Amino acid sequence: MKIQPSLQSLQQCYLYCYDDIRKKYPLPSKKLTGERNAFSAWILHEGIDALTKQLPSIGKQLPQIVEGNDYTFANYTGKKKTVYGIGNIPVLFSDLLIPLIEIRQSVPSTYIAEIFADLTQFFLLFYKLELPVEDESSHVVYYKAVQDELAEHASKRKHIYKTSPARIAQSVIGDLLPRKRFTYDKLIPKPGPGATADHLKQWEKNKPTAYYQQLARVFKYEEFFSTLPFGLCNPHELPVKEPCSRGIFVPKDSRGPRLISAEPAEYMMCQQALMGYMVGTIEERSENVNFLDQSINQRLVSEASQDQQLATVDMKEASDRVTVDLAEHIIRKTNPELWIALAASRTGVTKFGDITVQNASFGPMGSATTFPVEALVFYALCVEALVRQGCDYSIALKSVYVYGDDIIIPVKYMDFALDFLERYDLVVNRQKSFSKGFFRESCGMDMYFGCVTTPLYIRQLPKHSNQSTLAYSNTLWKKGFWLTATYLHRRDAVGTSDGQRFTFMDANPRTRPSDYRWNPILQRFEYRIYVSTSNKKAAPDDLGSLFAVLNGYRIGGTTLGNQPGSTMYDVRNTSKNKTSWVAFKPEKRYANES
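Keep in mind that what you see is a predicted model, and the values were worked out from it rather than measured. (Residues numbered from 1 in each chain as written. Predicted model: local features only at pLDDT ≥ 70, side-chain atom pairs only at ≥ 80, totals over all residues. Heavy atoms only, no water.)

**Q** Before we move on, could you go through the sheet that holds strand E7 (residues 355–358) and cite the residues and values that matter?
**A** Strand pairing within a sheet occurs via backbone hydrogen bonds; the two strands may be parallel or antiparallel. One open sheet holds the four strands; their spatial order is E4-E3-E6-E7, and the pairing between them is mixed. Bordering the open sheet on either side are strand E4 (256–262) and E7, each of which pairs with just one other strand. Neighbour-to-neighbour, the strand axes of this sheet turn through a mean angle of 40°, independent of strand direction. For strand E3 (residues 245–253) and strand E6 (residues 349–352), the ladder comprises two bridges, and the chain directions are parallel. (Pairing = 2+ DSSP bridges. Helix = DSSP H or I, 4+ residues; strand = E, 2+ residues; numbered from the N terminus. Axes fitted to C-alpha atoms, helices over the stretch in contact; angles between N-to-C directions.)

**Q** Summarise the nonpolar core; cite the residues concerned and give the values.
**A** Membership of the largest hydrophobic core comes to 77 residues, with the highest contact counts inside it found for Phe 219, Leu 381 and Ile 407. In terms of residue count, helix H17 (residues 370–388) provides more of this core than any other element does, 12 residues in total. Residues in contact with Leu 381, not counting those within four places in the same chain, are Ala 169, Leu 326, Ile 330, Phe 420, Leu 421, Tyr 424 and Leu 426. One finds Cys 17, Ile 43, Leu 129 and Leu 488 within the second-largest nonpolar core, a separate group that totals 55 residues. (Core = buried A, V, L, I, M, F, W, Y, C linked by side-chain atoms within 4.5 Å. Buried < 20%, exposed > 50% of the residue type's maximum accessible area, 1.4 Å probe, protein only. Contact = heavy atoms within 4.5 Å.)

**Q** Can you tell me about the pattern of salt bridges, naming the residues and giving the values?
**A** All chains considered together, the criterion is met by 19 salt bridges. Two residues, Arg 179 and Glu 337, come together in a salt bridge whose shortest N-O distance is 2.9 Å. Residue Arg 179 is found in the loop between helix H9 (167–176) and helix H10 (213–216), and its partner Glu 337 is found in helix H16 (residues 336–344); the two are separated by 158 residues along the sequence. According to the relative accessible area criterion, Arg 179 is partly exposed, its value standing at 46%. (Salt bridge = Lys/Arg side-chain N within 4 Å of Asp/Glu carboxyl O.)

**Q** Give a detailed account of unusual backbone geometry, specifying residues and quantitative values.
**A** Phi angles above zero are rare outside glycine, and His 199 is one such case at about 60°. Position of His 199 relative to the elements: it lies in the loop between H9 and H10. Among the residues examined, His 199 registers a relative accessible area of 55% and is labelled exposed. In the Ramachandran plot, Gln 308 falls in the positive-phi region, its phi being about 60° despite a non-glycine side chain. On the secondary structure map, Gln 308 appears in the loop between helix H13 (295–307) and strand E5 (310–316).

**Q** I'd like a rundown of the environment of Pro 364, residues and numbers included.
**A** Mapped onto the secondary structure, Pro 364 falls in the loop between E7 and H17. Filtering out sequence-adjacent residues up to four positions away, Pro 364 remains in contact with Tyr 143, Leu 259, Ser 261, Asp 320, Thr 350, Asn 359 and Thr 370.

Structural measurements only, silent on function.
See below:
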């Protein structure tokens, strides 16, 4: 269970962040003291919402400002005023926001990018702070309402499938997942890393414990599970159960928790097998749909923020709104065997305590097949949208890029594509979809005019984690938020006997580490600082399951697909901090930096 950090510690951290931003954009000394005191009092008055909701509500409008779109600070409940004819500006931050608003119509420049990046970092510092889930019932009610709404609209969608079938989208599936390539002997069952519906321990998940008729009609227990390390399975000895997943909520960000579906162990192994086949086959046949490599979308985002040729699209509640009938309509036509396997491995029912929800969606996050299915659906529909607007099919296939629910398409097809997606009860997050100005965002990369503007999100204020302290402090230091970085370092009671600091330092003799040297081979100055290292060790293929668990290897590791050399007990992951010689590198801000 997450422990809510104290408001005092969060306030102190944000006051240092306020001091950092004021060093970059100063006020007269007399006015600064009054503004800082007012900011501190406002945080205490509003509580933790001030840092996780109110300030982020301002930060979320900054892309709209630099894009030249309409913006609003309606979600900010503090005092507002009109300044230089610009109305409803938060009083506490008016001198920070007004320059960005005034120059947004100017020629884009790295100067604007610097201001935008600094303000984004300031306002969104605690946007994704992980807080305990206090009221799960309201989130269950909302999830059920979404599923009921999708079920009510089923007849409307079926009418669309009949009168205007997505033939192009179906052809896309046939190209990416050819029917003749799908065989059950290519599916390798293995347990996933997540929780199960029946609360099994990690080492209990690699053998069937129940018999599900829906699953057994497609995945023959005696044959399919025979590759598991505990040998052949006799289904007649297992209790018969009805498929049902368990809904659990995990912290996501200040907007609320994320729903995760804990699947039965048998379903999990089938889903993992299907995911491995789909991911491996799709990435082998297309460079435009990716599951393992975000760098492709990130590179395109960098280019699009300069040449404005591509738009970025973000889907809202993506996994909860891809309906099972939409997935069937697109996949079954060209690969019926694959669809039968996908449908058989879908539980369809999620329980939240005493509340049972019939899922109209294909499946929530937690099911291993949800991510590849939603990516396929989005890619296929976007390709169809481009073709319907006159784009050649072969060009359309190479013009759309998808990573999960992050979509990149040509700007000229943006408006039609968004409307086309929403025909099928999908919801586009238009506030986070960009096509007009020089800002683009995809796969965790924010770019403005070729400059990286991605903020650091503090998810937890570290108390005993050297790794968290190291990562947060180093990143904020390189962003120029030196006071905040120093505070995060010093508040963690993990000091070392030699007084070595955990952060990168600049060339200032008063702040850099005392231990530094000139590297004649690499021709650079290097500083000796603490760095965090991760030790990942692959287990031998013949490693026994009991020996693997006892030695710290995780059953069913993180490898997606049936990669060469991967094994069910694939990775032992440990980490430690150690001193190392490193070169000081300011944060990479510009696209052409090496």
